[in-house]
Amino acid sequence: MARLAWLAPVLAVVMVACGGTAAPASVSSAARPSTAPAGSYQPSALNPPVKLNVAGAGLVGEAGIYAAADKGYFKDEGLDVELLIMQQAADIIPQLIGSQLQFGAVAADAALFNAASRDIPVRIVGYTAIIAPYGTSAGFVVRQDLLDSGRWKEPKDFKGMTFASNNARGGQGDVYIEKLGALGGWGLDDINQTVVPFGQMPIAFANKAVDAAYVVEPFVSVMENQHTAKNVVPVGKVYPGLPAQTMTVSPGFAQSQPEAAKRFVVAWLRGQRDAWHAFVKKDVPPDGMFQILMNHTPVKDTALLTRMATFTVDPNGEMDLKELQFEADSFLKYGTLKQKVDASKMVDPSYAKAAVERLGSISG
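The structure presented is a predicted model; accordingly, all values stated were derived computationally and were not measured. (Residues numbered from 1 in each chain as written. Predicted model: local features only at pLDDT ≥ 70, side-chain atom pairs only at ≥ 80, totals over all residues. Heavy atoms only, no water.)

Colleague: Is there a simple way to think about the overall build of the chain in this case?
Modeller: Looking only at helices and strands, one finds 16 helices and 10 strands in the chain. The buried share of the chain, reckoned over its 364 residues, is 54%. About 15100 Å² of surface is accessible on the chain, with carbon and sulfur atoms providing 53% of the total. (Helix = DSSP H or I, 4+ residues; strand = E, 2+ residues; numbered from the N terminus. Buried < 20%, exposed > 50% of the residue type's maximum accessible area, 1.4 Å probe, protein only. Areas by Shrake-Rupley, 256 points an atom, 1.4 Å probe, with all protein chains shown as cover.)

Right, here's the structure in full:
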């Protein structure tokens, strides 16, 4: 799996401071899905195995994907999955459309909604990570000297500040910032925005080039350990319930390999449930999931992983569309989405429902 080499120097600071489509595969009579009652799952592999390319950003919120890979859940379904690192939805979406990728973990940003507005059937089959009310994996940081001087005391004090975002105006960052502004009685026009990639934010704050920013871990920890900035409003306080990332399926693959597509979601949902037990339900120790995340992300510190693994997932793959629709409407307002999109037409819950039929349902 490709590694995020660009994160290595930053993480060092943290540690010191603290293919196209193929013919549909068949299921042999010995390997057909079990007809046993829901909840008595039995693996049954496709023969021959089906090759899939799956893209993600190498994030902690993709824990379910990595659990499915490391624990053999994909192999149980007869899937040969290669995990690829791709950072932007704008890079992933075209490859899903062209079937170079079969599935992709994609942020719910304007690129995804624009595909839907053009009637391109790239469907969301689930949410890889949802922002929890207690989420601390990201947040809004303020420069330390502005805190020391009393310039910032509460959310209304963001007004008039130079605010950094990881993406250009009209992206998902604006959705987060606008939600923050609602807490303080200000809007996007009341701040000065600039684009700074997450990896460059520690330098920007150290040089006092920006006053505040929406920042994800591990960069929050980097700046707090350098005493240049502090997370004053964790993202969970601003936008609980937002699907931070979605799992999307290639329309070509869904059509040409429907059984393999269903089985991918079965395996992935098993991994999602492992993440749910470790990080949400907390009825199993998180150590095993931490090791899996260390295998697939640049983060090798359990204290940092504890802070980052504060998202939630739905163990049955259910999708609340309220916040997804809010994002679509926000992008339309910003002008990055050209026509209104009905979020319900972007999702396909049938995959998760089929998976639950095999795995059984879990109650919270």
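Colleague: Mind showing me how you'd approach the packing of aromatic side chains here?
Modeller: Each aromatic ring pair is specified by the distance between its two centres and by the angle formed by the two planes. Evaluation of the coordinates by the stated rule reveals 17 aromatic pairs. A ring pair is formed by Phe-74 and Phe-264, whose centres lie 5.1 Å apart and whose planes are at 15°; its orientation type is stacked. Pair noted here: Phe-74 is in helix α3 (residues 73–76) and Phe-264 is in helix α12 (residues 258–281), with a separation of 190 residues, a long-range link. Both residues of the pair, Phe-74 and Phe-264, count as buried. For the ring pair Tyr-176 and Tyr-239, a centre distance of 6.2 Å and an interplane angle of 90° mean the geometry is edge-to-face. You can see Tyr-176 sitting in helix α7 (residues 172–184) and its partner Tyr-239 sitting in the loop between α10 (235–238) and β10 (243–249), a full 63 residues away along the chain. Exposure remark for Tyr-176: the relative accessible area of 5% places this residue in the buried category. Feature note: the residues Phe-140, Trp-152, Phe-158, Phe-163, Tyr-176, Trp-186, Tyr-214, Tyr-239 and Phe-326 constitute an aromatic cluster, connected by ring pairs. For the cation-ring pair, Lys-179 lies above Tyr-239, with the distance from its terminal atom to the ring centre recorded as 4.8 Å. For Lys-179, the ring lying beneath its charged end belongs to Phe-326, and the centroid distance is 4.5 Å. (Phe/Tyr/Trp six-rings, centres within 6.5 Å; stacked < 30°, edge-to-face > 60°. Lys NZ or Arg CZ within 6 Å of the ring centre and 35° of its normal.)

Colleague: Just checking my understanding: could you explain the sheet that holds strand β5 (residues 138–143) for this structure?
Modeller: In sheet architecture, strand pairing relies on hydrogen bonds along the backbone and comes in two forms, parallel and antiparallel. Ordered by their spatial adjacency, 5 strands build an open sheet running β7-β6-β8-β5-β9, and the pairing between neighbours is mixed. Each edge of the open sheet is held by one strand with a lone partner, namely β7 (192–195) and β9 (229–234). Shown here is a sheet whose adjacent strand axes are inclined to one another by a mean of 35°, direction ignored. Two elements, strand β6 (residues 162–165) and strand β8 (residues 212–216), share 2 bridges in a ladder whose sense is parallel. Bridging from a neighbouring strand, Phe-163 pairs with Ala-212 of β8. On the sheet, α7 packs against β5, β6, β7, β8 and β9 and is oriented at approximately 140° with respect to β6. (Pairing = 2+ DSSP bridges. Axes fitted to C-alpha atoms, helices over the stretch in contact; angles between N-to-C directions. Contact = heavy atoms within 4.5 Å.)

Colleague: Where do I start with the nonpolar core in this structure?
Modeller: A general trend in soluble globular proteins is that nonpolar side chains are found buried together. If you look at the biggest cluster of nonpolar residues, it comprises 66 residues, and the most contacted ones within it are Phe-113, Phe-140, Phe-158 and Phe-163. By residue number, the principal contributor to this core is helix α5 (residues 110–117), which donates 5 residues. Filtering out sequence-adjacent residues up to four positions away, Phe-140 remains in contact with Phe-158, Phe-163, Tyr-176, Ile-177, Leu-180, Ala-213, Tyr-214, Lys-230, Asn-231, Val-232, Val-233 and Val-238. Of all hydrophobic cores here, the second largest spans 53 residues; its members include Met-247, Phe-264, Val-299 and Leu-304. (Core = buried A, V, L, I, M, F, W, Y, C linked by side-chain atoms within 4.5 Å.)

Colleague: What exactly am I supposed to notice about empty space enclosed by the protein here?
Modeller: To find leftover empty space, a probe the size of one water molecule is rolled over the atoms. Its volume calculated, the largest cavity comes out at about 50 Å³. Lining the largest cavity are Gly-126, Tyr-127, Ile-130, Trp-268, Leu-269, Gln-272, Asp-314, Gly-317, Glu-318 and Met-319. Elements that contribute at least two residues to the lining of the largest cavity include exactly β4 (123–130) and α12. Its residues assigned to classes, the lining of the largest cavity comprises 5 nonpolar, 3 polar and 2 charged. Along the walls of the second largest cavity sit 10 residues, with Val-54, Ala-55, Gly-56, Tyr-66 and Leu-83 positioned nearest its centre. Put simply, the parts of the chain that give the lining of the second largest cavity at least two residues each are β1 (50–56), α2 (63–70) and β2 (79–85). In terms of residue class, the lining of the second largest cavity is made up of 8 nonpolar, 1 polar and 1 charged. (1 Å grid on protein atoms, 1.4 Å probe; cavity = no way out; pocket = protein on both sides within 12 Å on 5 of 7 lines; lining within 4 Å. Points joined across faces, edges and corners; volume = space filled by probe spheres on them. Nonpolar A, V, L, I, M, F, W, Y, C, P; charged D, E, K, R; others polar.)

Colleague: What am I meant to see in the environment of Ile-191 here?
Modeller: Following the sequence through the fold, Ile-191 ends up in the loop between α7 and β7. If we ignore the near neighbours within four places in the chain, the residues touching Ile-191 are Phe-158, Lys-159, Gly-160, Met-161, Phe-163, Ile-177 and Trp-186.

Colleague: Hey, could you run me through the sheet that holds β1 in this one?
Modeller: Taken in spatial order, the 5 strands make up an open sheet running β2-β1-β3-β10-β4, and their pairing is mixed. On the outer flanks of this sheet lie β2 and β4, each paired with one strand and no other. Pairs of neighbouring strands in the sheet enclose a mean axial angle of 20°, with direction left out of account. As defined by bridge partners, strand β3 (residues 103–106) adjoins β10 across 4 bridges and the pair is classed as antiparallel.

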